[in-house]
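# What the coordinates show
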Amino acid sequence: MKAIDIRNKYLNFFKAHGHAVIPSAPLIPENDPSVLFNTAGMQPLVPYLLGAKHPEGTRLTDAQKCLRTNDIDEVGDNRHLTYFEMLGNWSLGDYFKEESIAMSYEFLTKELGIPNEKLSVTCFAGDEDCPRDELTAECWRKAGIPDDRIYFYGKDDNWWIAGEEGPCGPDTEMFYDTGKEPCSPDCGPSCDCGKYVEIWNNVFMEYLKKDGKYTKLAQKNVDTGLGLERMTMLLEGKQTPFDTEIFSPIMEELQRLAKKDDISSRRIVAEHLRASIMIIQDGGRPSNIDRGYILRRLIRRMTRHLNKLEIDLDKLSNLIQLNIDTLNELYPELQNNKETIKEVIIAEKDKFIKTLVRGEREFDKVIGRIKSQAKQEIDSEEIFKLYETYGFPPEVTKDLAEENGLQVNMDEVDKLFKAHQDKSRLGSEQKFKGGLAGTGEQEVKYHTATHLLNAALKLVIGQDVHQRGSNITPERMRFDFSCDHKLSDDEKQKAEDIVNEWIKQNLAVTVLTMKKDEAIKSGAECMFIEKYPEDVTVYSIGDISKELCGGPHVKNTGELGHFKITKEEACSSGVRRIKAVLE
Ligand code: SER
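Residues numbered from 1 in each chain as written. Predicted model: local features only at pLDDT ≥ 70, side-chain atom pairs only at ≥ 80, totals over all residues. Heavy atoms only, no water.

## Section: the sheet that holds strand 13 (residues 535–541)
Across a sheet, strands are paired by hydrogen bonds formed along the backbone, either parallel or antiparallel in direction. Operational definition: Two strands pair under a simple rule: DSSP has to find at least two bridges between them. In this description a helix means any DSSP run of H or I spanning at least four residues, a strand means any run of E spanning at least two, and both kinds are numbered starting from the N terminus. Axis definition: a line fitted to C-alpha atoms, limited for helices to the stretch in contact. Angles are taken between N-to-C directions and run from 0 to 180 degrees.
If you walk across this open sheet you meet the three strands as 12-13-14, and the pairing is antiparallel. Strands with a single pairing partner mark the edges of an open sheet, and in this sheet they are strand 12 (509–515) and strand 14 (545–548). Averaged over all adjacent pairs, the angle separating strand axes in this sheet is 25 degrees, with direction ignored. The sheet contact formed by strand 13 and strand 14 spans four bridges and is antiparallel. Counterpart to Val-538 in the pairing with strand 14 is Leu-548.

Below is the structure:
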């Protein structure tokens, strides 16, 4: 079964069971400083899991674009991916364990045709925070899974939380038995020998973890996630996601073009190219911090492996096109942006290639020295020096060193970088561990100020200024927008004055629910059209600003205080960033 058919079956099945089909949120979350990318289907839904009312009701389903980079270094083996799509269904205080498990079982066996004998399931074994989940096991028995295929595990395996804090709970996971021999008498779903492949995770989200303590949420939720690439692999009878129709055209083309045979490099190129395309599609651009740096890393790593495969880099444009064509059924919208996607990737490749060639030359000298001394490890100082002198990124040196059988102490490298105040590059992934975005009083004010600044910049610079991102903390706001030049002092001053004038005018902030098309027709601003459901909320401020937005906002601009721009800088190519405070 093809990926698009699995996705359609999933969404239709849950639609038939009363769920509203909502669009995927963009990969890059808006107004959520806690994560760089959406890493699970539940992430954009956190406010609703915590109790806010969702405009589409209490049963939702979607196919969410996700990116996880904690395992970026593992890509190249037979299973790890950074970008993937998560099919999910949610109950926001609606159904709970019984109905959720009955639907999952029906979907797997009837819709996808997976035989009962292929399925094993796991449940939470219980501890001092939450009792053993007997009800879930009972539901599985009722569905037809015998006791010898129902396993109980502790928090490590059967508890789910995004990051450190937030909504969470025990989960039940479904596994597909590949039919391989058990690796030992203890072999079971928690074993990673490859006999069992996890296919679906249903989280029974009735707890909130805060300050290390668990309390009950006001409502009992269900949050499920099924990995599309993995299911496609199983249903196509393939051993790895790279052998499925999602990757095989590009894998085959890479093999045809390569002068060196290296399957791991081919996988890295195919995987990172797809992830880069998806990030760029959703507005990401390479830069030196946070998500921009993840994109930069992906493109650099891909470039290095293209080089390693001895593939002519002029072929990159065709490879991107082939990738976009391969993804045509799943993401037809990529075709509209193909020129931008190619430009961004190729420009970044061009920037990196000189550094790469020079750095590799220097690295070879270092390797020669190390080998002549019969050492097993590369000195962290050498890695730092390659960066400082030649701009050679530490993660590239690390990859190269490991390919040459040398050990690397990245913790020590990290320390050296920290000592040199260059934390942002290596530290960016720390954010993946973060908790939830706050919506305290101060954040709400900054949120409204963001709309004012967006409108003010249009007056000062031009109507083609558009929001490209934003990030709010209780201390400040950050606003990224399309603009091809550094703002002059005069422009900054004007924008600031206009915002303060609007604050002084005590403009009312009003909200209306409209159909999405109507809202767009009425001239409302919106950053990612596909993110929004059919019925949207539109916030207007006097008659100076109108944006599609989930809120919340202040009632009146007079509440904001004095607005001050503290910084204006480049964010990525064609995108500027303003930081501002309310005093
Ligand atoms: N949030 C859970 C996961 O990511 C289920 O969707 O696995």
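So that's the structure; there's more coming.
## Things to note about the confidence of the model for the chain
It should be kept in mind that the predicted coordinates are not to be read in detail where pLDDT is low. Quick note on the threshold: The pLDDT score gives, residue by residue, the confidence of the prediction method on a 0 to 100 scale. Only heavy atoms matter for contacts: two residues are in contact if any of them lie within 4.5 Å across the pair.
Summing up the model confidence of the chain, the mean pLDDT is 91 and the portion of residues at 70 or higher is 95%. Here residues 422–438 scores under 50 on pLDDT; set against residues more than four positions off or in separate chains, the count is 50 contacts.

## Description of the packing of helix 7 (residues 248–257) against helix 10 (residues 316–326)
The test is simple: When an angle is under 35 degrees it counts as roughly parallel; over 145 it counts as roughly antiparallel; between 65 and 115 it counts as roughly perpendicular; any other value is oblique. For a crossing to be left-handed, the near helix must be turned anticlockwise from the far one by less than a right angle; the clockwise case is right-handed. Note that Gly is not counted as nonpolar here; it falls among the polar residues with everything else outside the nonpolar set of Ala, Val, Leu, Ile, Met, Phe, Trp, Tyr, Cys and Pro and the charged set of Asp, Glu, Lys and Arg.
Contact pair helix 7 / helix 10: the axes reach a minimum separation of 9 Å and the direction vectors enclose 155 degrees. With respect to each other, helix 7 and helix 10 are oriented roughly antiparallel. The element helix 7 and its partner helix 10 pack so that their crossing is right-handed. The residues of helix 10 that touch helix 7, namely those facing Pro-249, Ile-250, Glu-253, Leu-254 and Leu-257, are Leu-319, Leu-322, Asn-323 and Thr-326. Split into classes, the residues belonging to the contact of helix 7 with helix 10 amount to six nonpolar, two polar and one charged.

## Side note on the state of the cysteines
Filter applied, for reference: In this description, the term disulfide denotes a pair of cysteine sulfurs within 2.5 Å. Partly exposed describes any residue whose relative accessible area lies between the buried limit of under 20% and the exposed limit of over 50%, with all areas from a 1.4 Å probe on protein chains only and scaled to the type maximum.
Under the definition given, this model contains zero disulfides. Among the cysteines around Cys-187, which has no disulfide bond, Cys-193 carries the closest sulfur, lying 3.7 Å off. Among the residues examined, Cys-187 registers a relative accessible area of 10% and is labelled buried.

## Regarding the site of the ligand
Convention followed: Whether a residue is near a molecule or strand depends on its heavy atoms: it is near if one of them lies within 4 Å of it. With residues, only the protein chains shown are counted as cover, and all accessible areas are computed by Shrake-Rupley using a 1.4 Å probe.
Residues in contact with the ligand, as listed here, are Ala-40, Met-42, Arg-68, Met-86, Trp-160, Asn-201, Val-203, Asp-223, Thr-224 and Gly-225. Protein burial of the ligand: of its 230 Å² of free accessible surface, 95% is covered by the chains. Ranked by residues supplied to the shell around the ligand, first place goes to strand 9 (residues 213–227) with three residues. For the shell around the ligand, the per-class residue count stands at five nonpolar, three polar and two charged.

## A short note on the pairing of strand 2 (residues 59–67)
Counting buried positions along strand 2 yields nine of nine residues, so the element is predominantly enclosed. In strand 2, alternate side chains face the same way, and those of Arg-59, Thr-61, Ala-63, Lys-65 and Leu-67 on one face and Leu-60, Asp-62, Gln-64 and Cys-66 on the other are all buried. Bridge count between strand 1 (residues 20–21) and strand 2: two bridges; the pairing is parallel. Paired with Ala-20 across the bridge in strand 2 is Leu-60. Taken together, the nine bridges between strand 2 and strand 3 (residues 83–92) define a ladder with antiparallel strand orientation. Counted as the bridge partner of Gln-64 is Met-86 from strand 3.

## Examining the pattern of salt bridges
Think of it this way: side chains of opposite charge can pair up when their charged atoms draw near. Rules: One side-chain nitrogen of Lys or Arg within 4 Å of one carboxyl oxygen of Asp or Glu is enough to make a salt bridge.
Applying the stated criterion to the full structure yields 39 salt bridges. Where Asp-262 meets Lys-308, a salt bridge forms, and the shortest distance between an N and an O atom there is 3.4 Å. Here Lys-308 lies in helix 9 (residues 290–308) and Asp-262 lies in the loop between helix 7 and helix 8 (263–281), a separation of 46 residues in the sequence. You can call Asp-262 partly exposed: its relative accessible area is 23%. Accessibility expressed as a relative area gives 30% for Lys-308, which makes it partly exposed. A salt bridge links Arg-576 to Glu-568, with the shortest nitrogen-to-oxygen separation between them at 2.7 Å. In this pair, the class of Arg-576 matches that of Glu-568, namely buried. Connected via shared salt-bridge partners are Asp-262, Arg-301, Arg-304, Lys-308, Asp-399 and Glu-403.

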